[in-house]
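# Secondary and tertiary structure notes
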Amino acid sequence: MEKAQSLLILYATETGNALDAAERLGREAERRGCPVRLFSLDEFDPSSLPSEEFVIFVVSTTGQGDAPNSMKAFWMFLLQRSLSPQWLEKTHYAVFGLGDSGYQKYNFVAKKLDKRLADLGGKTIMERGLGDDQHPSGYEGALDPWMLSLWTMLYNENPQLFPKGLDIFVSDVKTLDQPKLDITYLDSDGGYSQSSAQIDLKSLEKEILRSRSMLSGKKSKDKSKPDCFLQMVKNHRISREGCSKDVRHFEFEALSSTVEYEVGDVLEILPVQSPEAIDAFMKRCNLNPELYIIVKPRNKPDCLENGESASKVPIKLKRFVELTMDVASASPRRYFFEVMSFFASAEHEKERLEYFASPEGRDDLYQYNQKERRTVLEVLEDFPSVHMPFEWLVQLIPPLKTRAFSISSSPLVHPNQVHLTVSIVSWTTPFKRKRIGLCSNWLASLDPHQRVCIPAWFHKGSLPAPQPSLPLILIGPGTGCAPFRGFVEERALEEESKSTPTAPILFFFGCRNEQNDFLYKDFWLSHLQNGGILSQEKGGGFYVAFSRDQPHKVYVQHKMHEQSVKVWDLLSKGAAVYVAGSSNNMPSDVLVAFEEIVSREGGVSKEAAVRWLRMLEKGGKYHVEAWA
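Rules and cut-offs
Residue numbers here run from 1 along each chain, matching the order of that chain's written sequence. Predicted model: local features are reported for residues with pLDDT of at least 70 only, side-chain atom pairs are reported and counted for 80 or more only, and whole-chain, interface and lining totals are derived from all residues. For the side-chain quantities, the full set of heavy atoms in the structure was used; hydrogens and water were omitted. Helix and strand definitions follow DSSP, with helices as H or I runs of at least four residues and strands as E runs of at least two, each counted in order from the N terminus. The atom set for the radius of gyration is the C-alpha atoms, and the globule formula is 2.2 Å times the number of residues raised to the power 0.38. A 1.4 Å probe rolled over the protein chains alone gives each residue an accessible area, and that area as a share of the maximum for its type sets the label: buried under 20%, exposed over 50%, partly exposed in between. We call two residues contacting when some pair of their heavy atoms lies within 4.5 Å. In these tables, accessible area is a Shrake-Rupley quantity obtained with a 1.4 Å probe, and a residue counts as shielded only by the protein chains included in the view. In summary, the charge assignment counts Lys and Arg as positive and Asp and Glu as negative, without counting His or the chain termini. By convention, the charge on Lys lies at NZ, on Arg at CZ, on Asp at CG and on Glu at CD. Residues with no salt bridge and a relative accessible area higher than 30% make up the patches, which join like charges within 9 Å and nonpolar side chains (Val, Leu, Ile, Met, Phe, Trp, Tyr) within 5 Å. Salt-bridge detection follows one rule: a side-chain nitrogen of Lys or Arg within 4 Å of a carboxyl oxygen of Asp or Glu. The arc in question is the one traced by the directions running from the helix axis out to the C-beta atoms. Here a strand pair is declared whenever DSSP counts at least two bridges between the two strands. Angles shown run from 0 to 180 degrees and are taken between the N-to-C directions of axes, each axis being a line fitted to C-alpha atoms and, for helices, limited to the stretch in contact. Note that the term roughly parallel is reserved for angles under 35 degrees, roughly antiparallel for angles over 145, roughly perpendicular for angles of 65 to 115, and oblique for everything else. Helix crossings get a hand from a simple test, with the near helix turned counterclockwise from the far one by less than a right angle marking a left-handed crossing and a clockwise turn marking a right-handed one. In the scheme used here, Gly and all other residues not listed as nonpolar or charged are polar, with Ala, Val, Leu, Ile, Met, Phe, Trp, Tyr, Cys and Pro taken as nonpolar and Asp, Glu, Lys and Arg as charged. Each nonpolar core is a collection of buried residues, namely Ala, Val, Leu, Ile, Met, Phe, Trp, Tyr and Cys, held together in the definition by side-chain atoms within 4.5 Å. Scored from 0 to 100, pLDDT reflects the predictor's confidence in each residue.

Scanning the protein from N- to C-terminus turns up 20 helices and 22 strands. Taking 2.2 N^0.38 as the reference for a compact globule, 628 residues should give roughly 25 Å; the C-alpha atoms of the protein span a radius of gyration of 26 Å, in line with that estimate. Dimensions of the protein, computed from C-alpha atoms along their principal axes, come out at roughly 75 × 65 × 50 Å. Burial statistics for the protein: of 628 residues in total, 56% are counted as buried. Of the contacts formed within the protein by residues at least 6 apart in sequence, a portion of 78% connects residues at least 24 apart. Carbon and sulfur atoms make up 51% of the accessible area of the protein, which totals about 28200 Å². Taken as two groups, the 75 positive and 82 negative side-chain charges of the protein have centres that lie 2 Å from each other.

Set out below in structure tokens:
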């Protein structure tokens, strides 16, 4: 009976936003007296869903309409044909999605989950909510009003969920829940560590695994152990010196295990934070860098990936901060400001923090925090009277995340090496504050002679490695050309070896100016000439759109229209389409160009062309990898 009167909240997150939203829903429900159970979708047994009476789903959409990894097994279970249309007839549910309307498949995961739950007989508590990163207040612009309606609708369905009545708000003005983490402080590590002279790659691997596994309760099933350690061997600027865009070509070699990947794969790197920022954070929070700590999530198992208990192995407090807590690039969440208000001794700071944490202060908080991309360290320095316990800092500071990059090399051409093409990120905020990207700027600062060990992970992206016999149409403006450098050099090697027939490649590249950012110009032209893999003799082609070299702007879709006959010819021969680059307008503009080309050259209606391209995508021959 008790279980039936509790609210189950299930979430699927990739970056942590859906977890934040789910935790906020849980806090707000509990403040109204409603018992809550909260799980990541990969911690929940989907076969038990029919026994749940009230379920709230909070799911994000990643990439081009993809579900977070933590949701994939749950989704496959829901797609089983053996599930009847009455399977969820006793379950009431609501779905809140997090997405970005700048992408074509905006909140696609939430929409398809909502439909599938209804198809299985689930009863909707209320219309799904769709959070949008493009909203002036981010996803919270939709979450706040949706959440208020949710409590009313739940109360109407089952008043027992709110035993004290809907209007009774369990105030937490004077009380704060315990943090979700237990931290033990030690003067030494008990002999677990080696001296700095003895530290090797195995020790570094254990240190990373240990520190990041301690936070396993913050985000579902992170892969903590690096696949390998890399060392940079080349750091070369490939955009013109002095132009506004700084684009680098990086080459790395494996220091530990051999490098294993395919063209189209993604490399994730754990960046190093500024030592000055770490020291400033330690000083601001009065933390002793020499202490050792054991961090253990409350009510969670704490095993490392090898089965060893993470809570028995101490780690130096400063090292833990360096490896797990993003103090100098990520912006804190709204709840951070609410918790800060409890530890502010200055009344004016306390009032401002309480305002920021309130619904009325939401838009002002967004302008101060997210819009300006204020870091945790900057926020703490803006409120000097706040002294938060380290347990709360560990729980609330965004975790230091790996950064993902499309690989721009072929392992067949460069054995035991991996190459990246990286735009060094910097921008100016609305209040004219200079901001820089943590990982790209750290990589750009590295001297290959320093032999810095770089933890790295490989995984599949959205661009599967094509067979040599498959014709390709590639669209990759800017650093979107990165994966296609690997495609082209690998197919050129296959062509040279004559071991297997190779199909043509049609490649559309775009940049601002021929003189400034024509990335890998010599590489592309070498494969265009003398019967190369991009040459017309081989049935291919290489076409460049320079958007700023003439009065009117020219983009890749314009070059596609100029070559519409060639594009349709390759599509007719079974070509696969690969699109990579900025997520702003480019992917949708390219899709529209394809629709128009198929309609015009194929002699069919626009609607038929749209259906034809949808079939191409369903058949695994239209791939998009886009990033913000």
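Before going further, it helps to examine a nonpolar patch on the surface. Taken together, the side chains of L412, V413 and L493 define a hydrophobic patch exposed on the protein surface, amounting to about 220 Å² of accessible area. Topologically, L493 is positioned in helix α14 (residues 482-497).

Quick look at helix α6 (residues 275-284) now. Inspection of α6 places A277, I278, F281, M282 and R284 among the buried residues, and these make up the whole buried set. Here the buried residues of α6 occupy an arc of 165° about the axis, which is enough to place them on one side. Among the exposed residues of α6, those oriented more than 90 degrees off its buried face are P275, E276 and K283. Following α6 by one or two positions, N286 has its phi on the positive side, about 55°.

What follows covers the sheet that holds strand β8 (residues 228-237). Spatially, six strands are ordered β13-β10-β17-β8-β9-β14 in an open sheet, and the strand pairing comes out antiparallel. If you trace the sheet from one side to the other, it starts and ends with β13 (403-406) and β14 (417-423), each paired once. Averaged over all adjacent pairs, the angle separating strand axes in this sheet is 40°, with direction ignored. Two strands pair when backbone bridges link them, and β8 and strand β9 (residues 247-254) are joined in this way by seven bridges, in the antiparallel orientation. The partner of K234 across the bridge, within β9, is E251.

Relative to each other, helix α8 (residues 334-342) and helix α9 (residues 347-357) sit at 150°, their axes nearing to 8 Å. Our classification of the angle between α8 and α9 gives roughly antiparallel. The hand of the α8/α9 crossing is left-handed. Between α8 and α9, the contacting residues are R334, F337, E338, M340, S341 and F342 on the first element and K350, L353, E354, F356 and A357 on the second. Broken down by class, the residue content of the contact of α8 with α9 amounts to six nonpolar, one polar and four charged.

General note: in soluble globular proteins, nonpolar side chains tend to be found buried as a group. One finds F281, F320, M325, F336, F390 and L393 to be the most contacted residues of the largest nonpolar core, which totals 41 residues. In contact with F336, other than residues within four places in its own chain, are V376, V379, L380, M388, L393, L396 and I397. By size, the runner-up hydrophobic cluster in this structure holds 29 residues, among which are V247, F507, W524 and Y578.

So, on to the pattern of salt bridges. Going through the model one piece at a time under the given rule, you end up with 37 salt bridges. Between D363 and R362 there is a salt bridge, and its shortest N-O distance comes to 3.4 Å. A single network of salt bridges, built from pairs that share partners, joins R24, E140, D144, R334, R362 and D363.

Here we take up the confidence of the model for the protein. Residues of the protein with pLDDT of at least 70 account for 92%, and the chain-wide mean is 89. Confidence scores differ between elements of the protein, with helix α5 (residues 201-213) showing the lowest mean pLDDT of 82 and strand β18 (residues 472-475) the highest of 98. Across residues 194-199, confidence stays below pLDDT 50; counting only partners more than four residues off in sequence or on other chains, it has three contacts. Within the model, pLDDT remains below 50 along residues 217-222, and this stretch shows 16 contacts once partners closer than five positions in the same chain are excluded.

Among the surface-exposed residues, K245, R512, R548 and K553 lie close enough to one another that they form a single positively charged patch. Counting through the fold element by element, R512 comes out in the loop between β19 (505-511) and α15 (514-517). What makes R512 partly exposed here is its relative accessible area of 31%.

The subject of this paragraph is the side chain of S599. Topologically, S599 is positioned in helix α19 (residues 586-602). Among all residues touching S599, those that are not within four sequence positions of it are V604, S605, K606 and A609.

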